[in-house]
Structures are given as structure tokens and as C-alpha cells.
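# Notes for the structure review
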Amino acid sequence: MMKLARAIHFDESDTRVYHSPARTGEWCISGGFEFSNWSEADLTGKQRQAFSNGWLGLETFGRVTFVAVTQIEDAERDVLIDALAQHFVEIFGAPDLETARPVAADEFTQMVDLCEDHHANTLLTVARELTEAGVRETYRVIEAQDAGLEQFAIHGSLDE
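As a starting point, this report considers the structure included with it.

What counts and how
- Residues numbered from 1 in each chain as written.
- Predicted model: local features only at pLDDT ≥ 70, side-chain atom pairs only at ≥ 80, totals over all residues.
- Heavy atoms only, no water.
- Helix = DSSP H or I, 4+ residues; strand = E, 2+ residues; numbered from the N terminus.
- Polar contact = N/O pair within 3.5 Å; in protein donor to acceptor, adjacent residues only side chain to side chain.
- Pairing = 2+ DSSP bridges.
- Buried < 20%, exposed > 50% of the residue type's maximum accessible area, 1.4 Å probe, protein only.
- Core = buried A, V, L, I, M, F, W, Y, C linked by side-chain atoms within 4.5 Å.
- Expected span 1.5 Å × (residues − 1).

Turning next to the side chain of His-9. Tracing the backbone through its elements, the reader meets His-9 in the loop between strand 1 (2–8) and helix 1 (13–17). At 3.3 Å, the side chain of His-9 forms a polar contact with the side chain of Asp-14. Within polar-contact distance, the side chain of His-9 engages the side chain of Thr-24 at 2.5 Å.

Inspection of the sheet shows strand 5 (residues 66–72) paired to strand 6 (residues 123–131) by two bridges, in the antiparallel sense. By the bridge assignment for strand 6, Val-67 is matched with Leu-124. Counting the residues that bridge the hairpin from strand 6 to strand 7 (residues 134–142) gives two residues.

Okay, the side chain of Arg-63 next. Along the chain, the position of Arg-63 falls in strand 4 (residues 63–64). For Arg-63, a relative accessible area of 4% corresponds to the buried category. Of the polar contacts made by the side chain of Arg-63, one reaches the side chain of Glu-34; its length is 2.6 Å.

Turning our eyes to something else, we now look at the nonpolar core. Judged by nonpolar contacts, the single largest core of 32 residues is most densely connected at Leu-4, Trp-55, Val-67, Phe-108 and Met-111. Elements that contribute at least two residues to this core include exactly strand 1, strand 2 (27–29), strand 3 (55–57), strand 5, helix 3 (74–92), helix 4 (97–115) and strand 6. For this core, the element with the highest residue contribution is helix 4, accounting for eight residues. Listed in part, the six residues of the second largest apolar core include Phe-10, Ala-68, Leu-123 and Ile-142.

We now examine the pairing of strand 5. In terms of burial, strand 5 is largely enclosed, as five of its seven residues are buried. Direction of pairing for strand 1 relative to strand 5: antiparallel, over a ladder of seven bridges. Directly across from Ala-7, in strand 5, lies its bridge partner Val-67.

Let us look at helix 4. Here helix 4 is 19 residues long and its end C-alpha atoms lie 26 Å apart, about the 27 Å a rise of 1.5 Å per residue gives. Among the residues making up helix 4, those that are buried are Ala-100, Ala-104, Ala-105, Glu-107, Phe-108, Met-111, Val-112, Leu-114 and Cys-115. The residue sitting at the N-terminus of helix 4 and contributing the capping side-chain oxygen is Asp-96; that oxygen lies 3.2 Å from the backbone nitrogen of Glu-98.

Remember, this is a structural readout, not a statement about activity or role.
Right, here's the structure in full:
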């Protein structure tokens, strides 16, 4: 069985820092492709926050700061890839679903590969920066605490 990551919120901050926050529990990928043609001039306000630290939700196409690794059913994979391919056609001008689907599948696979070696409930964050070669992403791993994520989330602090 493969792993992917779901949006998780510890407080309401994502609703304030992103134009469109991802919904708690929706499947997420890096979504760095959205910034491939950006320059420093594009990095202002909420756009800068989405660029700097936002994962992309695959239902709302909103952004979230933290994701938690969990198992995903094979049947969900195709639905998510199709939704991302449709997003590529509607938002990014891909010519058709047939052209967009392999690119969407690659984006999905990159996230599966990132999650593969982590235990369930491991938290991940992303940090992006613009370089001469384009967008550079780095990831931070926060291992799940002994307490369940439900208890962890109620306290709303990574220091608990």
C-alpha cells in the first residue's frame, strides 16, 4: 500500500496566511509546479506565503502549511490524478486531459516517493526558494509524538 499526505491544521493560521487554504484532511502534494515561472516580483503577501511554505490540496487546490503522512487506497490514486490533470487543463492551459495526465501522475508519484519512508502521522513541511536554476524545495520531517495526532492537534502546539 502506498502513502500520501493529508492537510492538517493546528490552529486557524492557514485561513489568514493563504488566499485559499486547503481543507483539513484533503490529500496534498508539493504543488511547486505552480511557481515554475515566478520571479521575486511575484513573491508578495499571501502569494509569498504560498510559495514559501504551502503544500497544494488536491480537492480545493488551496494551500496548507502542515501535512501528515498516511496510507492511501489505490482506488483514490486515479481519482486524484484525474483531478490534477483537469486542474492543469483548466488553470495552466494544458491542451487536453490526455496530455496532462502523465504530468499529473508524475507530480503524484513524487509525493508518494517523499512519503514512502515515513511512519503514519509523521508531519512534513516544505520550504521553497528561488534560485538561478529555478524553484528549490526542501522538506522538514517532524516525527509523530507518542500521543495520537488527535490529542496533539487539540493542544495546537508542536512543543507539547
